[in-house]
Amino acid sequence: MTQTIAFGMTFPLYWLLLVMSRSSRGSNGAPEKPIASLITRGEAQGLALGLALGAVLPSAALIIMKDTYATWLWQPYPIFVAIIRAVYSRIVTPTKAKAKATSPEEKENVRKPASKATTGESGSLEIIRTIFLFTFLLSSYIHIRAVWPRVWNGDLSTLYDLLVLTKAPPSDAHPSIQALSFFKWDYALSYSAFSLGLLWSARSFEEVLGMVLCYVVLTPVLGTGAATVFIYGVMCQL
């Protein structure tokens, strides 16, 4: 969906639906449990495998090969991620469930509340942490490489053209200028929706202040994407 409509439309729509679906929750939609307790180890493994094979691999082929077919194959990468994750989770999770012993003693232990995270939750937590860390580092690297050399060299005019939003260019402008304007607005709309969604999910005024402070401090240094990943990771208790 992000490849056909763009982030600028899908992210606001996603967060609008999420807010509406959780508007009746007393905790403002914020999860009360760690993310590891909501995602099984098999689901986390499926997500990691889906991102590796469905997103990273096609993106690497797109950059390295510079081929028309590689570009076309890259377009539906979110579908690849979803299919790989769903297939892996469907195959692995039932298999692990059947492999568990079902003796009366173990059934009795299952009924008892656990005081610590189970092995499955711990495993899923480590996988999710790795995904978040990789995303944070990648986003930070892209921002640092694109922004800081220009700041260091004093090339502020190019930096202004690269980052600052402007009105739509004329129809006869060069395609690269039109594409840059589109991507800047697309990026701004998508991350504005994401940021507002995170602020809405805050459970206290202190959390709102903490999010705003993180955005103010991290965005100029590491970029909006890295700041968003960091805040979302903290909210998910990673």
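The chain has the name GPI mannosyltransferase 2 in an unreviewed UniProt entry, where Gymnopilus junonius is given as its organism.

*Asks:* How would you explain the pattern of salt bridges if you had to name every residue and give the values?
*Replies:* A side chain with one charge may pair with a side chain of the opposite charge, provided their charged atoms come close. In the structure shown here, the tally under the stated rule is two salt bridges. Linking glutamate 126 and arginine 129 is a salt bridge whose minimum nitrogen-to-oxygen distance equals 3.2 Å. With glutamate 126 and arginine 129 both in helix α6 (residues 119-152) and three residues apart, the pair spans about one turn of that helix. Classification of glutamate 126 by relative accessible area gives partly exposed; the value is 42%.

*Asks:* With reference to specific residues and values, describe helix α9 (residues 205-222).
*Replies:* The terminal C-alpha atoms of α9, which comprises 18 residues, lie 25 Å apart, in line with the 26 Å expected from a rise of 1.5 Å per residue. Within the sequence span of α9, burial applies to Met211, Tyr215, Leu218 and Leu222. Looking one or two residues past α9, glycine 223 carries a phi angle of roughly 105 degrees, positive in sign.

*Asks:* Describe in detail the packing of helix α8 (residues 175-200) against helix α10 (residues 224-235), supporting the description with residues and values.
*Replies:* Geometry of a packed helix pair, given as the angle between the helix axes and the separation of the axes. Contact pair α8 / α10: the axes reach a minimum separation of 11 Å and the direction vectors enclose 20 degrees. When the axes of α8 and α10 are compared, the pair comes out roughly parallel. Crossing of α8 against α10: the hand is left-handed. Here α8 contributes Tyr187, Tyr191, Phe194, Ser195 and Leu198 to the contact with α10, which in turn contributes Thr224, Gly225, Thr228, Ile231, Tyr232 and Met235. Of the residues contributing to the contact of α8 with α10, the split by class is seven nonpolar, four polar and no charged.

*Asks:* Let's hear about helix α2 (residues 41-65): which residues, and what values?
*Replies:* Taking 1.5 Å of rise per residue, 25 residues should cover 36 Å, and α2 covers 34 Å from first to last C-alpha, within 8% of that figure. The largest bend in α2 comes to about 30 degrees, at valine 56, with the proline proline 58 one to four residues further on. Buried within α2 we find Gly42, Ala44, Gln45, Gly46, Gly50, Gly54, Ala55 and Pro58.

*Asks:* An account of the UniProt feature "transmembrane region" (unreviewed entry) in the chain is requested, with residue identities and associated values reported.
*Replies:* With numbering matched to this structure, UniProt assigns "transmembrane region" (unreviewed entry) to residues 44-65, 71-88 and 212-235. Segment residues 44-65 splits into 100% helix and 0% strand. End C-alpha atoms: 30 Å apart. Secondary structure content for residues 212-235 is 96% helix and 0% strand, and the end C-alpha separation is 14 Å.

*Asks:* Describe the confidence of the model for the chain, and please don't skip the residues or the numbers.
*Replies:* Low pLDDT means the predicted coordinates in that region are not meant to be read closely. Per-residue confidence for the chain gives a mean pLDDT of 77; residues scoring 70 or more make up 71%. Of all helices and strands in the chain, the one with the weakest mean pLDDT is helix α5 (residues 104-111) (50), whereas α9 scores best (91). A low-confidence stretch, residues 24-31 stays under pLDDT 50, and its non-local contacts, those more than four residues away or across chains, total 13 contacts. In this model residues 112-117 is a low-confidence stretch, pLDDT under 50, and it forms zero contacts with partners more than four residues away in sequence or in other chains.

*Asks:* I'd like a rundown of the side chain of threonine 228, residues and numbers included.
*Replies:* With respect to the secondary-structure elements, threonine 228 resides in helix α10. In this structure threonine 228 comes out as buried when scored by relative accessible area, which is 3%. Setting aside residues no more than four positions away along its own chain, threonine 228 makes contact with Tyr191, Phe194, Ser195, Leu198 and Tyr215.

Criteria and thresholds
Residues numbered from 1 in each chain as written. Predicted model: local features only at pLDDT ≥ 70, side-chain atom pairs only at ≥ 80, totals over all residues. Heavy atoms only, no water. Salt bridge = Lys/Arg side-chain N within 4 Å of Asp/Glu carboxyl O. Helix = DSSP H or I, 4+ residues; strand = E, 2+ residues; numbered from the N terminus. Buried < 20%, exposed > 50% of the residue type's maximum accessible area, 1.4 Å probe, protein only. Expected span 1.5 Å × (residues − 1). Axes fitted to C-alpha atoms, helices over the stretch in contact; angles between N-to-C directions. Parallel < 35°, antiparallel > 145°, perpendicular 65-115°, else oblique. Left-handed = near helix turned anticlockwise from the far one by under 90°. Contact = heavy atoms within 4.5 Å. Nonpolar A, V, L, I, M, F, W, Y, C, P; charged D, E, K, R; others polar. Bend = angle between axes of the 7 residues up to and from the residue. UniProt positions renumbered as here; feature names shortened; annotations may be inferred. pLDDT = per-residue confidence, 0-100.

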